Amino acid sequence: MARSRSGTRGRRGPRKPPRRDGQGQSQVQVADPRERGALELPATITVKELAELLAVNPADVIRELIKSGIFATINQLIDRDTAALVAGELGYEVDDTVAVSAGVADADGEEAPDEATKEVLYEEDDPSLLETRAPIVTVMGHVDHGKTSLLDAIRTTEVAAAERGGITQHIGASEVTRDGRRIVFLDTPGHEAFTAMRARGARVTDIAVVVVAADDGVMPQTLEAIHHARAAKVPIIIALNKIDKADANPDRVKTELSEANVIVEEYGGDTPLVPVSAKARLGLDELLDMVLLVADLQELKANPKRPAIGTIVEAELDKGRGPVATAIVQTGTLRVGDVIVVGETYGKVRALESSTGKRITQAGPSTAAVVLGLSEVPEAGDILRAVADEKEARATVESRKLATAAKSGDGSGRATLEDLYRQIQAGQAKELRIILKSDVAGSLGAITHALDQLSTEDVRLNVLHEGAGDITDNDIMLATASDAIVVGFNTKITDTARRSADAEGVDVRIYDIIYKLTDDIDAALKGLLEPEIVEVIEGRAEVRQIFKVGKSTVIAGCFVTDGRIVRGGARVWRGGKVVATDRIESLRRFRDDVREVERNFECGIGLANYHDLVEGDVIECFSQKSVSRAVSN
């Protein structure tokens, strides 16, 4: 409930004395902002700027912040939600429209999605601004199946030889031209880096080329690469490498791919397969033609005239040049002199270098460029955005750091069996995503069959990846990117994977009995249904004494007679009737703020809005809890 207050020293609106200009003449007084309708607030704003916008004394703003538990100085940045809360408390209406000052607005004026959770959008509202852009391709596959050799052959360079010599000129991406059209290849170690970027919210790849050796067939890392590409909803092209070898068996590979639910076009599926040989340089043109064909089907377009948005592929600290980052520009054009925000750092583009190491002045859509000028080294997968000026850049970074700090303390994390339904909202059908590992391949079939019986019309089980062996970093990375849980049967988790799971908040469960595994998953599926909300009475306290703080704030000295008192919902009972429903805003024991007070103890209670308490009132605190519903079979 909004309340109107007058500060003890400051004044608001029309009562503010008129300002005078440099010649001592009175200026026209600005009307009270409340008369202009709903206020529009930026994504971040300083306390001083908010006070000026509301035409109040900064002390009034600081006072309201303190009541919310925020101790801010006059020049400190606060986020939009906090500013809106303060404005509402001071009697102003705030426009619910999301502010765009912290990010690059789309053509319709709405802010681009949050970098930490959403993919970069290429589309613009005005089709006349769009131009066809080059596809961005990631090459993945099993180790030793020829990923680097294939890229080396496509680029007609000797990258592998240079790396063997110990001198690596590595930009993280390279470009080739086919029939006058560009194709950008990402030089990543494989699906691990691919998924690491996607786990940070970056969708940088348009097409995934999965390399399979014709003499070796589908291997565990081949399946992992396919599952990672599918989880990212990226089109797959199979590059059947080493077809020139005497023991090459393409038919066996195609059959193994079919068993992995990858049906190639020759077998009536929709997955292209191109036979190639990196060593003999066979089929390379056909592979590039297929990449362009798949790209054409996607109609990849971008607006080169808007401020740049891109993704960091890799970054490092160069002793001579400072922070150096390789970026793929996905839409817009990045220019020397642009102010950019990357993750939780920012800077001014001091120089740009192309994939060949040449200095360039700008980089358009689907262009790889080395960026110099950032103040700190960003992380792979961070989103790069060009902003208006350094003031906006600083405000954006400060806001992100505050959001990160707040998130780190609110217990938020990845999906767990207990709270997955809060994180996955997929329309009417809910989905539980699982990565399944077992000690031997033979166990996987039995477990998968048992899990399949648990899916219902209400909720679906989706096994993103299954395999034999230990739970590794790669499994944790896929779970992080896909909001999945990791389930192991008669297997173990590596030390590094355990540390990664703890850091990312990934739920890892290991079982040695199948029915215990299925029981837990069944319980999780029940939890995925929207829970029934029930009210729980936490406790009651009798008001023994009233203390007034300032003109309007009231603190009730209470004695807890039943249960416990916690912050949250509250009702005030008087004479057997409820006279007010509010929330407990402050709870103290002597001079200390506390989370709860048990029965037979005294405490001080401050309600948010109701201040007409009298001795003898009973304050009843309550909370709302969810109860899982049964699944309809």
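Look above for the structure.
Residues numbered from 1 in each chain as written. Predicted model: local features only at pLDDT ≥ 70, side-chain atom pairs only at ≥ 80, totals over all residues. Heavy atoms only, no water.

## Some thoughts on the overall build of the protein chain
1) Next: Regarding its fold elements, the protein chain presents 15 helices and 31 strands.
2) Next: Out of the 633 residues belonging to the protein chain, those deemed buried represent 47%.
3) Next: Here the protein chain displays about 31400 Å² of accessible surface, and carbon together with sulfur accounts for 49% of that area. (Helix = DSSP H or I, 4+ residues; strand = E, 2+ residues; numbered from the N terminus. Buried < 20%, exposed > 50% of the residue type's maximum accessible area, 1.4 Å probe, protein only. Areas by Shrake-Rupley, 256 points an atom, 1.4 Å probe, with all protein chains shown as cover.)

## Some points on the environment of Asp144
1) Next: Looking at the element boundaries, Asp144 is found in the loop between strand S4 (136-141) and helix H4 (147-155).
2) Next: Here the alpha-carbon distance between Asp144 and Asp216, two residues 72 residues apart in the chain, equals 9.8 Å.

## Here we look at the packing of helix H13 (residues 473-482) against helix H14 (residues 495-504)
1) Next: At their nearest, the axes of H13 and H14 sit 8 Å apart, and the two run at 20° to each other. Relative to H14, H13 is oriented roughly parallel. The interaxial crossing formed by H13 with H14 has right-handed handedness. Facing Asp473, Ile476 and Thr480 of H13, the residues of H14 in contact are Thr496, Ala497, Ser500, Ala501 and Glu504. (Axes fitted to C-alpha atoms, helices over the stretch in contact; angles between N-to-C directions. Parallel < 35°, antiparallel > 145°, perpendicular 65-115°, else oblique. Left-handed = near helix turned anticlockwise from the far one by under 90°. Contact = heavy atoms within 4.5 Å.)

## Quick notes on the nonpolar core
In globular proteins that are soluble, nonpolar side chains generally tend to be buried together.
1) Next: Counting 26 residues, the largest nonpolar core has Leu150, Ile154, Ile183, Phe185, Ile237 and Leu287 as the members making the most contacts within it.
2) Next: Those elements that place two or more of their residues in this core are S4, H4, strand S6 (181-186), strand S7 (207-213), strand S8 (236-241) and helix H9 (284-298).
3) Next: Among all residues touching Leu287, those that are not within four sequence positions of it are Leu150, Ile154, Ile237, Ala239, Val274 and Val276.
4) Next: The next biggest cluster of nonpolar side chains, apart from the first, holds 21 residues, and it includes Val543, Cys558, Val560 and Ala580. (Core = buried A, V, L, I, M, F, W, Y, C linked by side-chain atoms within 4.5 Å.)

## Describing the packing of aromatic side chains
1) Next: Taken as a whole and assessed by the stated rule, the structure comprises zero aromatic pairs.
2) Next: Its guanidinium or amino end placed over the ring of Phe622, Arg571 lies 4.2 Å from that ring's centre, counting from NZ or CZ. (Phe/Tyr/Trp six-rings, centres within 6.5 Å; stacked < 30°, edge-to-face > 60°. Lys NZ or Arg CZ within 6 Å of the ring centre and 35° of its normal.)

## Notes on the environment of Ile510
1) Next: Here Ile510 shows up in strand S23 (residues 508-511).
2) Next: Through-space distance from the C-alpha of Ile510 to that of Gly488 is 4.4 Å; in sequence the pair is 22 residues apart.
3) Next: Residues contacting Ile510, with those up to four places away along its chain left out, are Ile471, Gly488, Thr491, Lys492 and Ile493.

## What about helix H8 (residues 250-259)?
1) Next: Listing the buried residues of H8 in full gives Val253, Lys254 and Leu257. Looking straight down H8, one finds that the buried residues subtend no more than 100° of arc, so they occupy a single side.
2) Next: Buried residues along H8 sit in contact with S7, helix H7 (220-231), S8 and strand S9 (273-275).
3) Next: Of the residues trailing H8, Asn261 is marked for its positive phi of about 65°. (Arc of directions from axis to C-beta.)

## Section: the pattern of salt bridges
1) Next: Applying the stated rule across the entire model yields 28 salt bridges.
2) Next: With a shortest N-O distance of 3.0 Å, Asp470 and Lys492 are connected by a salt bridge. Of this pair, Asp470 sits in the loop between strand S21 (459-468) and H13 while Lys492 sits in the loop between strand S22 (485-489) and H14; the two residues are 22 residues apart in sequence, bridging distant segments of the chain.
3) Next: A salt bridge links Glu542 to Arg544, with the shortest nitrogen-to-oxygen separation between them at 3.7 Å.
4) Next: Residue class for Arg544 comes out partly exposed when judged on its relative accessible area of 44%.
5) Next: Among the ionic contacts, a cluster of salt bridges with common partners joins Glu535, Arg540, Asp562, Arg571 and Glu620. (Salt bridge = Lys/Arg side-chain N within 4 Å of Asp/Glu carboxyl O.)

## Observations concerning the sheet that holds S6
1) Next: Spatially, S5-S6-S4-S7-S8-S9 is the arrangement adopted by the six strands of the open sheet, whose pairing is mixed. Taken across any chain shown, the strands that pair with only one partner, and hence form the sheet edges, are strand S5 (173-178) and S9. With strand direction ignored, the average angle separating the axes of adjacent strands in the sheet is 30°.
2) Next: One ladder, built from six bridges, connects S5 with S6; its direction is antiparallel. Considered in S6, the bridge of Thr177 is made with Arg182. (Pairing = 2+ DSSP bridges.)

## Looking at the environment of Gly322
1) Next: Structurally, Gly322 can be placed in strand S12 (residues 322-331).
2) Next: Given the relative accessible area of 17%, Gly322 is considered buried.
3) Next: Sequence separation between Gly322 and Val377 is 55 residues, and the spatial gap between their C-alpha atoms is 8.4 Å.
4) Next: Look past the residues within four positions of Gly322 in its chain and what remains in contact with it is Glu316 and Leu317.

## Considering the pairing of S22
1) Next: Burial runs high along S22: five of the five residues are buried.
2) Next: Side chains Ile485, Val487 and Phe489 of S22 all project onto a buried face; the interleaved residues Val486 and Gly488 project onto the opposite face, where all are buried too.
3) Next: Relative to S23, S22 runs parallel, the two being bridged by four bridges. Within S23, the residue paired with Val486 across the bridge is Val508.
4) Next: Between the parallel pair S22 and S23, the chain is carried across by H14, and the sense of this crossover is right-handed. (Right-handed = clockwise from strand over helix to strand, strands pointing away.)

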